[in-house]
Every structure is written in C-alpha cells, then in structure tokens.
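Analysis of the macromolecular model
The residues making up each chain are set out below.
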Amino acid sequence: TPAEWNGVGMRVWIDQGCIACHACEYECPEVFRVEGGTSTVRCELDDDMAARYGDRIANAAGGCPVEVIKIEREPAKALSASAAG
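We now turn to the structure provided with this report. This one's a predicted model, so the numbers in the text were calculated from it and none came from an experiment.

Residues of strand 2 (residues 32-35) alternate between two faces, with Phe-32 and Val-34 buried on one and Arg-33 and Glu-35 left unburied on the opposite face. When strand 2 meets strand 3 (residues 38-41), the two strands line up antiparallel, connected through four bridges. The residue bridging Glu-35 from the neighbouring strand is Thr-38, located in strand 3. Between the antiparallel neighbours strand 2 and strand 3 lie two residues, among them Gly-36 with a positive phi of about 60 degrees.

Next comes the structure, spelled out in structure tokens:
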C-alpha cells in the first residue's frame, strides 16, 4: 500500500541491459519514459512522489523482464533534517 512509502524517499535508476519493452512506462508513466532504446527515470523523486508512486514503481521494478530497474529506499529528507536539528 502507499502507506509503506510514507516517510521514505527513494532513488530509482535503470541499470544497463534495458530492452525498451515499455513495461515500466506503461506501469508508471509519471516516473519512467522510454527513449533512445532504453528506459529513463523522468526526474529525481522527492518524498511526496515516493509516497504517491512508490507502489507503482515497485510494481514496474518487479515486472521488468530483465530486472534492470533498481530502487534504493532512503530516509525522508524532512525526518533527517529534523533529527539533525
């Protein structure tokens, strides 16, 4: 559920080997775009985007036939800033 992404930022990238099948773009076009024979991540994800699209990004990664979509979860920037201050 989207709640599992609340308070968690994410970094998403595409490793080498993308076959440009468009599966990720179909699953989450707000984040993925296929161009030039490979998939790209449209933008850096902030905490709000991670909460909004996290499940769909995870589904895209899980459905990638060549397993090149990588996700790294990061502590939310707001939580990190408040803990440091």
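This part is about the side chain of Ser-39. Structurally, the position occupied by Ser-39 is in strand 3. Classification of Ser-39 by relative accessible area gives buried; the value is 5%. The contacts of Ser-39, once residues within four sequence positions are left out, are Ile-14, Cys-18, Cys-24, Phe-32, Arg-33 and Val-34.

Definitions and limits used
Counting starts from 1 at the beginning of each chain's written sequence and moves along it residue by residue. Restriction of local features to residues with pLDDT of at least 70 applies here, the model being predicted, together with a cutoff of 80 or more for giving and counting side-chain atom pairs; totals for whole chains, interfaces and linings are based on all residues. Side-chain figures throughout are based on the complete set of non-hydrogen atoms in the structure, without hydrogens or water. For the exposure calls, accessible area comes from a 1.4 Å probe over protein chains only, and a residue counts as buried if that area is under 20% of its type's maximum, exposed if over 50%, partly exposed in between. Every helix listed is a DSSP run of H or I at least four residues long, and every strand listed is a run of E at least two residues long, numbered separately from the N terminus. Here, any two strands with at least 2 DSSP bridges between them count as paired. Whether two residues are in contact is decided by their heavy atoms: any pair within 4.5 Å suffices.

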